[in-house]
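A closer look at the structure
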Amino acid sequence: MIRKGEMRMRKGFTIIETTLVIAIAGLIFLMVFVALPGLRAQQRDTDRREDVTKVIREIKDYQTNNRGALPTDWGEFHINYLDSDSFMDPDGTEYTLSVVQCGAETPDSECTDDELGQLASASFPNGYTVYVVLQASCSGEKAVGSSNPRKVAVLYRLERAGIYCENS
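**Things to note about the pairing of strand β7 (residues 152-157)**
Among the 6 residues of β7, 6 are classified as buried, and the element is accordingly described as predominantly covered. Residue alternation in β7 divides its side chains into two sets, V152, V154 and Y156 and A153, L155 and R157, and both sets are buried. With 4 bridges connecting them, strand β4 (residues 129-134) and β7 associate as antiparallel partners. Following the sheet pairing, V133 is matched in β7 by A153. Across 5 bridges, the pairing between β7 and strand β8 (residues 163-167) is antiparallel. Residue pairing for β8: Y156 is matched across the bridge by Y164. Connecting β7 to the next strand, β8, in antiparallel fashion are 5 residues, including G162 with a positive phi near 75°.

Have a look at this one:
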């Protein structure tokens, strides 16, 4: 029996405490659920950057084996140097290698191509095409002309972060 002025202590949680814990757990799960696709896209873009680096590395290997010359048969280069069976986008689609001449009128001016127009963010196509721009170097997200005929820029549109460009 409870005497006057005494309170009986009960074991367990109140409905308010339980609801609060469930609400906090729900918010944590929601934050993870919202952030996860962005993290996956960021990882795919990191893999794509590594693939562009692989193209540059293989072009340099080719040049080392051929007295500094660039490939004349890029299809053969793709098969022999890039291992076309494993040269794929992180989503599993095979990359296409497109080789274009810079088309800049002077060194350090923006490269253009008849099919693509300006090789910069505004008009750069989406898809699975890795662009090798001959006689060019990178300037941010675009290719610019180079006075060195053995220089190339390799560009690829990323899922979240514009265009990635790397020089040979």
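**A look at the packing of aromatic side chains**
In total, this model carries 6 aromatic pairs according to the counting rule given. Between F87 and Y95, the aromatic rings sit 4.7 Å apart at their centres with planes inclined by 50°, giving tilted as the arrangement. Overall, the relative accessible area of 1% leaves F87 in the buried class. Look at Y95 and Y156: their rings are 5.2 Å apart centre to centre, the planes differ by 85°, and that puts the pair in the edge-to-face class. Here Y95, found in the loop between α2 (74-81) and β1 (96-101), pairs with Y156, found in strand β7; they are 61 residues apart in sequence, far enough to count as distant. For the pair shown, Y95 and Y156 are each scored as buried. Grouping aromatic residues by their ring pairs yields a cluster made of Y62, W74, F77 and Y81.

**Here we look at a nonpolar patch on the surface**
On the surface, L20, I24, I28, M31 and V32 cluster together to form a nonpolar patch covering roughly 500 Å² of accessible area. Considering the arrangement of structural elements, one finds I24 in helix α1 (residues 15-65). For I24, a relative accessible area of 46% translates into the label partly exposed.

**As for the sheet that holds β8**
With mixed pairing, 4 strands are arranged side by side in an open sheet as β1-β4-β7-β8. Of all the strands in the sheet, just β1 and β8 have a single pairing partner and so form its edges. Within this sheet the neighbouring strands show an average axis-to-axis angle of 20°, counted without direction. Sheet analysis places β1 next to β4, joined by 6 bridges and oriented parallel. Residue pairing for β4: T96 is matched across the bridge by T129. Across the face of the sheet, α2 comes into contact with β1 and β4 while running at roughly 140° to β1.

About the cut-offs
- Each chain carries its own residue numbering, running from 1 in the direction its sequence is written.
- Under the rules for a predicted model, residues below a pLDDT of 70 receive no local features and side-chain atom pairs below 80 are neither given nor counted, while totals for whole chains, interfaces and linings still include all residues.
- Only hydrogens and water are set aside; all other atoms, that is, all heavy atoms of the structure, feed into the side-chain values.
- Burial status follows relative accessibility: with a 1.4 Å probe on protein chains alone, a residue under 20% of its type maximum counts as buried, one over 50% as exposed, and anything between as partly exposed.
- Counting from the N terminus, the helices are the DSSP runs of H or I reaching at least four residues and the strands are the DSSP runs of E reaching at least two.
- Two strands make a pair as long as DSSP finds a minimum of two bridges between them.
- Under the pairing criterion, centres of Phe, Tyr and Trp rings, with the six-membered ring standing for Trp, must be within 6.5 Å; the plane angle then separates stacked pairs below 30 degrees from edge-to-face pairs above 60, leaving the rest tilted.
- The patch calculation keeps residues exceeding 30% relative accessible area without a salt bridge and links them within 9 Å when they carry like charges or within 5 Å when they are nonpolar (Val, Leu, Ile, Met, Phe, Trp, Tyr).
- Methods summary: accessible areas were calculated by the Shrake-Rupley approach with a probe of 1.4 Å, and residue burial reflects only the protein chains presented.
- Any Lys or Arg side-chain nitrogen located within 4 Å of an Asp or Glu carboxyl oxygen qualifies as a salt bridge.
- Between the N-to-C directions of two axes lies an angle of 0 to 180 degrees, each axis being a line fitted to C-alpha atoms and, for a helix, fitted only over the stretch in contact.
- Between two residues, a contact is recorded if the distance between any of their heavy atoms is within 4.5 Å.

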